[in-house]
Structure formats: C-alpha cells, structure tokens
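Coordinate analysis (summary)
The primary structure of each chain is shown beneath.
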Amino acid sequence: QVQLVESGGGLVQAGGSLRLSCAASGSIFSINDMGWYRQAPGKQRELVAGITRGGSTDYADSVRGRFTISRDNAKNTVTLQMNSLKPEDTAVYYCNADVYSSGWSPLVNYWGQGTQVTVSS
C-alpha cells in the first residue's frame, strides 16, 4: 500500500504565494507520473500540473506562468509552488501519483487526502 501526504495549504491574500508538498511512502518501487489536481465547491476535479519521472511538465492554462511543479525522485516527493494567487485558485488540492510497488506489479494510481487552499480577495 502507498500513502500520499500533502502539506502546505492555508489561507493567503490575492497576489500571495503558497508551496504545497506531497510525500509518497509505503511499498514503492518507482513512481511514474505525479501531479496536482484541485476541486472547487460545485466543480469537477481538474488537473493543475503534472510532471513525468523525467521531469517533463504540463500545466492548466489557468495556472501556467504562475505555478511551478517539481519533484525529487530520490525522496518520492512532488512540490507545487504557487505564486500570484487569485481567489479563483481557491480549492482543495490533491496530490496524485502512478506507482509501481515492485518490479512485477501493475501501475496503480493513488490520491492524497487533499489540502485546502483559500485565496482571499
């Protein structure tokens, strides 16, 4: 079993910054893609940013240029640096990872429990 634990959420004023971190632990052989998703009240969960094991990144248009995703493969962590935050960034942010638990196990997708980000105007 694999656990993803997020940290770093909170309340910030518009224009401010927050840094979200996610640490994966448990039965991990290797991690492929990692990413951050968010879900605002009454809306569907959406991809915010993704990063491959090799470091290729992808961003939602709404956050490109303001958010930066990075990862540390040795520590099984992924980080989301969020700058120039806007009230519309308010949501619960979830960490996501595709994990091999062994050299012969299938790829399994895991979610963190979520961390609240609130941006006040």
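Below: a short report on this structure. (Residues numbered from 1 in each chain as written. Predicted model: local features only at pLDDT ≥ 70, side-chain atom pairs only at ≥ 80, totals over all residues. Heavy atoms only, no water.)

As enumerated under the stated definition, the model contains two aromatic pairs in all. A ring pair is formed by Tyr37 and Trp111, whose centres lie 4.9 Å apart and whose planes are at 65°; its orientation type is edge-to-face. Remark: Trp111 occurs in strand 10 (residues 107-111) and Tyr37 occurs in strand 4 (residues 30-39); sequence separation between them is 74 residues. With centroids separated by 6.4 Å and ring planes inclined at 85°, the aromatic side chains of Tyr94 and Trp111 adopt a geometry described as edge-to-face. Within this pair, whereas Tyr94 is found in strand 9 (residues 91-100), its partner Trp111 is found in strand 10, the two being separated by 17 residues in sequence. Here the aromatic residues Tyr37, Tyr94 and Trp111 are joined through ring pairs into a cluster of three or more. Over the ring of Tyr94 we find Arg45; its NZ or CZ atom is 3.7 Å from the centre of that ring. When the ring centre of Trp111 is taken as reference, the NZ or CZ atom of Arg45 above it lies at 4.6 Å. (Phe/Tyr/Trp six-rings, centres within 6.5 Å; stacked < 30°, edge-to-face > 60°. Helix = DSSP H or I, 4+ residues; strand = E, 2+ residues; numbered from the N terminus. Lys NZ or Arg CZ within 6 Å of the ring centre and 35° of its normal.)

Glancing now at the pairing of strand 4. Bridge count between strand 4 and strand 9: eight bridges; the pairing is antiparallel. Residue pairing in the sheet places Trp36 in a bridge with Cys95 of strand 9. Pairing analysis gives five bridges linking strand 4 to strand 5 (residues 46-51), with the strands arranged antiparallel. Residue pairing for strand 5: Trp36 is matched across the bridge by Ala49. (Pairing = 2+ DSSP bridges.)

Applying the stated rule across the entire model yields one disulfide. The disulfide that involves Cys22 links it to Cys95, with 2.1 Å between the sulfurs. One quick way to see it: the torsion about the S-S bond of Cys22 and Cys95 is about -80°, and its sign makes the bridge left-handed. Linking Cys22 in strand 3 (residues 18-26) with Cys95 in strand 9, this pair joins segments that are 73 residues apart in sequence. Summarising the burial analysis for this pair, Cys22 and Cys95 share the class buried. (Disulfide = S-S within 2.5 Å. Buried < 20%, exposed > 50% of the residue type's maximum accessible area, 1.4 Å probe, protein only.)

Moving on to the sheet that holds strand 8 (residues 77-82). Across the sheet, which stays open at both edges, the four strands sit in the order 1-3-8-7 with antiparallel pairing between neighbours. The open sheet terminates on both sides in strands that have one partner only, identified here as strand 1 (2-7) and strand 7 (67-72). On average, each strand axis in the sheet is inclined to that of its neighbour by 15°, with strand direction left out of account. (Axes fitted to C-alpha atoms, helices over the stretch in contact; angles between N-to-C directions.)

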